[in-house]
Amino acid sequence: MTSILNTVTLPTLLLDEQKCRRNIQRMADRALKYNVRLRPHFKTHQSRQIAGWFREAGINCITVSSLKMAEYFAADGWDDITVAFPVNVLEHERINRLARRIRLNLLVAGADGAGLLSSVLKYPVRVWMKIDAGTGRTGLLPGDREAITSILEGVEDSDKMSFSGFLTHAGHSYSCRSRDEILRVHLESVTLLASLAEDYRSAWPAIEISTGDTPTCSVADDFSTVDEIRPGNFVFFDLMQAVIGSCSKQDIAVAVACPVVAKHSDRNEIILYGGAIHFARDSIVIGGGKTIYGELVQVSGESWGEPLAGCYLSKLSQEHGTLKVTEELFRQINVGDVVAIIPVHSCMTANLLAGYTTLSGERIDYFDFRKDYLEG
């Protein structure tokens with residue numbers, strides 16, 4: 001076992017800093033190459049220290065998923081922040097605190113939200129209109145021109161709101177299983193928004209288009225109609241992204257270190273201290289129709305390699321993880337050892353484990369949403 005695994009006593013999220021930094025730089029280079037603004041989504045890593053690595057790559061504007069997360073990063077000097085979640089006007093005090101200090105960009109997904117926002121604002125904000133480009137989660141349908149026009153007119157009439165443009169998240173790219181499928185989703189999404197923007201450009205010439213999902217931003221090579229991209233998961237990647245085709249498994253920058261607590265020789269299964277409260281319940285289906293929740297990797301002093309063939313998390317309960325392994329590895333792994341598992345979904349795993357330990361043993365800070373929400 002390596003020294004870092006020898007320090008682990010509880011499920012711990014390990015971070016390969018070098019892979020993480022490479023992922024950041026690669027996306028920054030893509031944005032520069034395709035002449036788009038990179039406004040990365042920080043909900044994946046939620047860390048001031050990792051945010052600093054983005055600064056080093058030349059990033060000066062960010063996306064977050066909540067107003068409280070915006071406050072966390074604003075306190076660290078980030079002053080151009082988009083909250084990519086439909087605005088919750090019940091948090092109007094927080095909205096106004098932020099709008100007073102920073103360039104705050106908010107999302108409206110309907111006429112009701114825009115009207116309520118206008119009524120509570122004390123300081124100027126910029127508004128993006130959320131468009132549903134096919135994900136079916138939330139947002140205005142591009143054909144609902146009556147609602148879109150109504151929102152635009154309401155924003156224009158407000159002395160506290162200015163319109164930035166149309167924003168979408170092509171989340172249906174997560175259903176893709178090839179580069180060609182990802183490219184098709186990208187083309188459909190950006191073509192839809194470009195057509196919509198063009199219809200309104202004569203009255204609002206400064207309209208911009210913002211899109212953001214890791215699969216399309218990682219593989220597409222045509223952003224000619226796009227002004228801004230907002231990927232988030234790329235900072236770590238995960239097994240889901242590898243299956244989709246966004247990355248290779250060698251790009252995955254996080255793994256969960258889990259203590260071994262039991263072995264069952266009759267079924268070559270090892271029980272880990274690492275369950276659904278650590279990994280969530282995201283799964284993928286691999287060859288032969290197996291549903292898995294993570295894959296086993298071997299950690300060396302510097303990093304980890306490709307997942308070990310035939311070794312995967314097959315079941316999760318609240319605290320328990322069931323690791324299927326080969327007969328050879330079953331003999332090698334003992335109760336009291338610590339193993340490392342690449343997660344299916346790094347965003348949820350990071351959220352649940354609320355912190356990172358680098359392979360050199362450094363603890364990386366994290367926005368602890370649980371403590372934060374309890375304190376209000």
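Residues numbered from 1 in each chain as written. Predicted model: local features only at pLDDT ≥ 70, side-chain atom pairs only at ≥ 80, totals over all residues. Heavy atoms only, no water.

Chemist: Would you take a moment to explain the packing of aromatic side chains for this structure?
Modeler: A full pass over the atoms with the stated rule returns 12 aromatic pairs. A centroid spacing of 5.8 Å and a plane angle of 65 degrees characterise the contact between tyrosine 356 and tyrosine 366, whose relative ring orientation is edge-to-face. Pair noted here: tyrosine 356 is in strand 18 (residues 356-358) and tyrosine 366 is in the loop between strand 19 (363-364) and helix 14 (369-375), with a separation of 10 residues, a long-range link. Tyrosine 366 matches tyrosine 356 in its accessibility class, with the two residues each being buried. Here the aromatic residues Phe42, Phe54, Tyr72, Phe73, Trp78, Phe234 and Phe367 are joined through ring pairs into a cluster of three or more. Between the NZ or CZ atom of arginine 55 and the centre of the ring of tryptophan 78, over which it lies, the distance is 4.1 Å. Positioned over the ring face of phenylalanine 330 is lysine 263, at 4.4 Å from the centre of the ring. (Phe/Tyr/Trp six-rings, centres within 6.5 Å; stacked < 30°, edge-to-face > 60°. Helix = DSSP H or I, 4+ residues; strand = E, 2+ residues; numbered from the N terminus. Buried < 20%, exposed > 50% of the residue type's maximum accessible area, 1.4 Å probe, protein only. Lys NZ or Arg CZ within 6 Å of the ring centre and 35° of its normal.)

Chemist: How do you make sense of the pairing of strand 15 (residues 312-316) when you look at a structure like this?
Modeler: Where a strand is regular, its side chains alternate between the two sheet faces. Among the 5 residues of strand 15, 4 are classified as buried, and the element is accordingly described as predominantly covered. Hairpin geometry of strand 15 and strand 16 (residues 320-324) is characterised by an intervening segment of 3 residues between the two adjacent antiparallel strands. (Pairing = 2+ DSSP bridges.)

Chemist: Please clarify how the packing of helix 4 (residues 67-74) against helix 5 (residues 92-101) should be interpreted in this entry.
Modeler: When two helices pack together, their arrangement is given by the angle between the helix axes and the distance between those axes. Across the interface, helix 4 lies against helix 5 with an axial gap of 10 Å and an inter-helix angle of 30 degrees. Regarding helix 4 and helix 5, the two cross each other, and that crossing is left-handed. Between helix 4 and helix 5, the residues in contact are Leu67, Lys68, Ala70, Glu71 and Ala74 and Arg94, Ile95, Arg97, Leu98 and Arg101, respectively. The residue inventory of the contact of helix 4 with helix 5, partitioned by class, reads 5 nonpolar, no polar and 5 charged. (Axes fitted to C-alpha atoms, helices over the stretch in contact; angles between N-to-C directions. Left-handed = near helix turned anticlockwise from the far one by under 90°. Contact = heavy atoms within 4.5 Å. Nonpolar A, V, L, I, M, F, W, Y, C, P; charged D, E, K, R; others polar.)

Chemist: I keep staring at the sheet that holds strand 3 (residues 62-64) and nothing clicks. Help me out?
Modeler: Strands belonging to one sheet form pairs held by backbone hydrogen bonds; the direction of such a pair is parallel or antiparallel. Read across the open sheet, the 8 strands follow the order 2-9-8-7-6-5-4-3; overall the sheet is parallel. The strands lining the two open edges of the sheet, one partner per strand, are strand 2 (37-38) and strand 3. Looking at chain direction, strand 2 and strand 9 (residues 228-229) are connected through 2 bridges and run parallel. Bridging from a neighbouring strand, arginine 37 pairs with glutamate 228 of strand 9. Against the sheet, helix 8 (residues 179-200) engages strand 7 (161-168) and strand 8 (208-211), with an angle of about 150 degrees to strand 7.

Chemist: Please explain unusual backbone geometry as it appears in this structure.
Modeler: Outside of glycine, negative phi angles account for most residues, and trans bonds account for most peptide bonds. One non-glycine residue with positive phi stands out, namely phenylalanine 237, at about 60 degrees. With respect to the helices and strands, the residue phenylalanine 237 is situated in the loop between strand 9 and helix 10 (239-244). For phenylalanine 237, a relative accessible area of 4% corresponds to the buried category. One non-glycine residue, asparagine 268, lies in positive phi territory at about 50 degrees. Here asparagine 268 is to be found in the loop between strand 10 (254-264) and strand 11 (269-273).

Chemist: Just checking my understanding: could you explain helix 13 (residues 346-353) for this structure?
Modeler: Residues separated by three or four positions in an α-helix point in the same direction, a consequence of the helix having 3.6 residues per turn. Among all positions of helix 13, only Ser346, Cys347, Thr349, Ala350 and Leu353 are buried. Mapping the buried residues of helix 13 onto a view down its axis gives an arc of 165 degrees, with all of them on the same face. Positive phi appears at alanine 354, one or two residues downstream of helix 13, with a value of about 50 degrees. (Arc of directions from axis to C-beta.)

Chemist: Teacher, can you tell me more about the environment of asparagine 334 here?
Modeler: Its location among the elements puts asparagine 334 in the loop between helix 12 (327-332) and strand 17 (338-343). Distance from asparagine 334 to proline 259, taken between C-alpha atoms, is 9.8 Å for residues 75 residues apart in sequence.

Chemist: Can you walk me through the pairing of strand 14 (residues 294-297) in this structure?
Modeler: Of the two faces of strand 14, the one holding Gly294 and Leu296 and the one holding Glu295 and Val297 are both buried throughout. Bridge count for strand 14 against strand 17 is 4 bridges, and the pairing is antiparallel. Among the inter-strand pairings, glycine 294 is bridged to a residue of strand 17, identified as proline 343.

Chemist: Explanation requested: the pattern of salt bridges in the structure shown.
Modeler: Oppositely charged side chains can pair when the atoms bearing their charge come close. Per the counting criterion, the structure on display carries 19 salt bridges. Arginine 39 is the partner of aspartate 80 in a salt bridge, and the nearest nitrogen-oxygen pair spans 3.0 Å. A residue pair is termed long-range when its members are at least 10 positions apart, and aspartate 80 in strand 4 (residues 80-86) and arginine 39 in the loop between strand 2 and helix 3 (48-56) qualify at 41 residues. Assigned by exposure class, aspartate 80 and arginine 39 land together as buried. We note a salt bridge from arginine 201 to glutamate 198, for which the minimum N-O separation is 3.4 Å. Arginine 201 gets classed as partly exposed once you look at its relative accessible area, which sits at 25%. Judged by relative accessible area, glutamate 198 falls into the exposed class, the value being 51%. (Salt bridge = Lys/Arg side-chain N within 4 Å of Asp/Glu carboxyl O.)

Chemist: Quick question: what am I supposed to make of the nonpolar core here?
Modeler: The nonpolar side chains of a soluble globular protein tend to be buried, and buried together. Counting residues in hydrophobic clusters, the biggest one holds 128 residues, and the most contacted among them are Leu15, Ile50, Phe73, Leu117, Met129, Phe166 and Phe236. Element by element, the count of residues in this core is highest for helix 8, at 8 residues. What leucine 117 contacts, discounting residues up to four positions off in sequence, is Val87, Val89, Ile95, Leu106, Val108, Val125, Val127 and Met161. (Core = buried A, V, L, I, M, F, W, Y, C linked by side-chain atoms within 4.5 Å.)

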